[in-house]
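# Report on the structure
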Amino acid sequence: MPIRSALDAAHEDTLDSIARPGRLRRADERFAITAQARAARSEAGLLEPGDESSVDTGLPQAARRVAREVAVSTNELERSLCTQAPADGLSNTGYCKAFGIVSRLVNVDRFACGIGVPLRPLVAPQAGVQSVSRR
């Protein structure tokens, strides 16, 4: 099934943007969030096993928990995931950023699974300073 070039480019841009430093997270932390999400989806039987589960950059436990739960429980998320995040050391903004990163990744991955093509590989974290843009 042919994929429109604009859609292909949008998916590529999504993964590239996750690999760049953001306002709150370094690129390696953003990469670790995506790796945690893919590992959780693989463990839940939603994706074929990959090598993302071996990624560990010292991501705070609260961010790991958010990444993993958002990745596998999209229809069953509880409010407590959000309300517990600050108590676990993850700010509300940090929670929203992690949630957004995982949501964007899951959309790209579900599309690939839906049309039966291999997942796009995660883009290696890019060097640079944290962004001040609102991306």
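Before reading further, recall that the structure is shown in the block above.
Nothing here was measured: the structure is a model prediction, and the numbers come from that model.

## Some points on the pattern of salt bridges
Counting across every chain of the model gives six salt bridges. The shortest N-O distance in the salt bridge between Arg26 and Glu29 comes to 3.4 Å. The partly exposed category is assigned to Arg26, whose relative accessible area is 40%. Close ionic contact of Arg38 with Asp109 constitutes a salt bridge, the shortest N to O distance being 2.6 Å. In this pair, Arg38 is assigned in helix H2 (residues 27-43) and Asp109 in helix H5 (residues 92-115), connecting sequence segments 71 residues apart. Judged by relative accessible area, which is 3%, Arg38 ranks as buried. Salt bridges sharing common partners tie together Arg26, Asp28 and Glu29.

## Observations concerning the nonpolar core
Formed by 25 residues in total, the largest nonpolar core has its most connected members in Ile33, Val66, Leu90, Tyr95 and Val102. Elements supplying a minimum of two residues to this core: helix H1 (5-18), H2, helix H3 (61-72), helix H4 (79-87) and H5. Among the elements that make up this core, the one with the highest residue count is H5 (seven residues). Leaving out residues up to four positions away in the same chain, Tyr95 has contacts with Val66, Leu81, Cys82, Ala85 and Leu90.

## Side note on the packing of aromatic side chains
Under the criterion given, the structure shown has one aromatic pair. Ring geometry for Tyr95 against Phe99: centres 5.9 Å apart, planes inclined by 50°, an arrangement best described as tilted. Of the two residues, Tyr95 and Phe99 are both situated in helix H5; the distance of four residues between them amounts to about one turn of the helix. Residue class for Tyr95 comes out buried when judged on its relative accessible area of 9%. The exposure class of Phe99 is partly exposed, given its relative accessible area of 27%.

## Examining the side chain of Asp109
Exposure remark for Asp109: the relative accessible area of 1% places this residue in the buried category. A distance of 2.6 Å separates a polar atom in the side chain of Asp109 from a polar atom in the side chain of Arg38.

What counts and how
- Residues numbered from 1 in each chain as written.
- Predicted model: local features only at pLDDT ≥ 70, side-chain atom pairs only at ≥ 80, totals over all residues.
- Heavy atoms only, no water.
- Salt bridge = Lys/Arg side-chain N within 4 Å of Asp/Glu carboxyl O.
- Buried < 20%, exposed > 50% of the residue type's maximum accessible area, 1.4 Å probe, protein only.
- Helix = DSSP H or I, 4+ residues; strand = E, 2+ residues; numbered from the N terminus.
- Core = buried A, V, L, I, M, F, W, Y, C linked by side-chain atoms within 4.5 Å.
- Contact = heavy atoms within 4.5 Å.
- Phe/Tyr/Trp six-rings, centres within 6.5 Å; stacked < 30°, edge-to-face > 60°.
- Polar contact = N/O pair within 3.5 Å; in protein donor to acceptor, adjacent residues only side chain to side chain.

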